[in-house]
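# Structure at a glance
This is what each chain is made of:
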Amino acid sequence: MKTHSMAMALSILFLGLGSCIPSNIIAPKDREVKFTLDSFHWKPAMKKEIPGLYQSLKIEGPPAEAILKIYYYFDGDGSFTAAALMNTHPPSFQIQKGSWNYEHKKLLLGEQAAPANLDAWNDYLRIRAKKGSVILHRETLQ
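My aim in this report is to walk through the structure given alongside it, one point at a time. (Residues numbered from 1 in each chain as written. Predicted model: local features only at pLDDT ≥ 70, side-chain atom pairs only at ≥ 80, totals over all residues. Heavy atoms only, no water.)

Here we come to the overall build of the protein. Along the backbone of the protein there are 3 helices and 9 strands. N-terminal to C-terminal, the α/β element order of the protein is α-α-β-β-α-β-β-β-β-β-β-β. In the protein, which comprises 142 residues, the share counted as buried stands at 26%. Within the protein, contacts between residues at least 6 apart in sequence are counted, and of these 40% link residues at least 24 apart. (Helix = DSSP H or I, 4+ residues; strand = E, 2+ residues; numbered from the N terminus. Buried < 20%, exposed > 50% of the residue type's maximum accessible area, 1.4 Å probe, protein only. Contact = heavy atoms within 4.5 Å.)

This next bit is on the nonpolar core. Membership of the largest hydrophobic core comes to 23 residues, with the highest contact counts inside it found for Tyr72, Phe74, Trp100, Leu118 and Ile127. Listing elements by their share of this core, those giving two or more residues are β2 (52–60), β3 (67–74), β4 (79–86), β5 (92–103), β6 (106–109), β7 (116–121), β8 (124–129) and β9 (132–139). Leave out the neighbours within four places in its chain, and Trp100 touches Lys47, Ile50, Pro51, Phe74, Asp75, Gly78, Ser79, Phe80, Leu107, Leu108 and Leu109. (Core = buried A, V, L, I, M, F, W, Y, C linked by side-chain atoms within 4.5 Å.)

A few words now on the side chain of Ser56. Position of Ser56 among the secondary structure elements: in strand β2. Residue class for Ser56 comes out buried when judged on its relative accessible area of 2%. Every residue in contact with Ser56, bar those within four places of it in the chain, is listed here: Lys69, Ile70, Val134, Ile135 and Leu136.

A complete count under the given rule lists 5 salt bridges for this structure. Notably, a salt bridge pairs Glu60 with Lys58, separated by 3.3 Å at the nearest N-O pair. Its salt-bridge partner being Asp123, residue Arg138 comes within 3.8 Å of it at the nearest N-O pair. One end of the pair, Arg138, is in strand β9; the other, Asp123, is in the loop between β7 and β8, with 15 residues separating them in the sequence. Arg138 gets classed as partly exposed once you look at its relative accessible area, which sits at 26%. One network of salt bridges, in which partners are shared, links Asp119, Arg126 and Arg128. (Salt bridge = Lys/Arg side-chain N within 4 Å of Asp/Glu carboxyl O.)

We now examine the environment of Trp121. Tracing the backbone through its elements, the reader meets Trp121 in strand β7. Linking Trp121 and Pro44, residues 77 residues apart in sequence, is a C-alpha distance of 8.8 Å. Residues contacting Trp121, with those up to four places away along its chain left out, are Phe40, His41 and Trp42.

Before going further, it helps to spend a moment on the side chain of Ser133. Residue position: Ser133 is located in strand β9. A residue is classified by how much of its surface remains accessible, and Ser133, at 16% relative accessible area, is buried. Sequence-distant contacts of Ser133, defined by excluding residues within four places in its chain, comprise Lys58, Ile59, Glu60, Ile127 and Arg128.

This part covers the pairing of β9. Bridging between β2 and β9 involves 7 bridges; their strand directions are antiparallel. Following the sheet pairing, Tyr54 is matched in β9 by Arg138. As judged from the 6 bridges shared by β8 and β9, these two strands associate in the antiparallel manner. Residue pairing across strands places Arg126 opposite Ile135, the latter belonging to β9. Hairpin connection, β8 to β9: the antiparallel pair is bridged by 2 residues. (Pairing = 2+ DSSP bridges.)

Let us look at the environment of Lys130. Note on placement: Lys130 falls in the loop between β8 and β9. Taking relative accessible area as the criterion, Lys130 reaches 89% and is therefore assigned exposed. Taking the C-alpha atoms as reference points, Lys130 and Ala116, separated by 14 residues in sequence, lie 7.9 Å from one another.

Written out as structure tokens, the structure is:
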């Protein structure tokens, strides 16, 4: 009987201790799910995925030397506006407006722009052109 009572007491003790350990032992930043841009499972975008507000997460190629950040707003009516924070002293924004179209897995931004590949994954878009690429994250309009 003593063995059974001891086992019961230990079980209660361990169950009780588990609930006493504070959740803040691991910092919140260390509890977050980590992912890298390389782990995304890109697929060609669908036109209905495009409308929305985006900001750049990564710019690659020669544009990365001149551009610090890019913001795009793609409207469902086929218009867009973009702001690029240029790497000048001091940094300054350049604004562009126009129309966008997406056909045959190619994004056209304006009438004179070369077609670019457009991939999607969850709330991310990747625009790939001959001279560079940009990964964009969908943002919430307030």
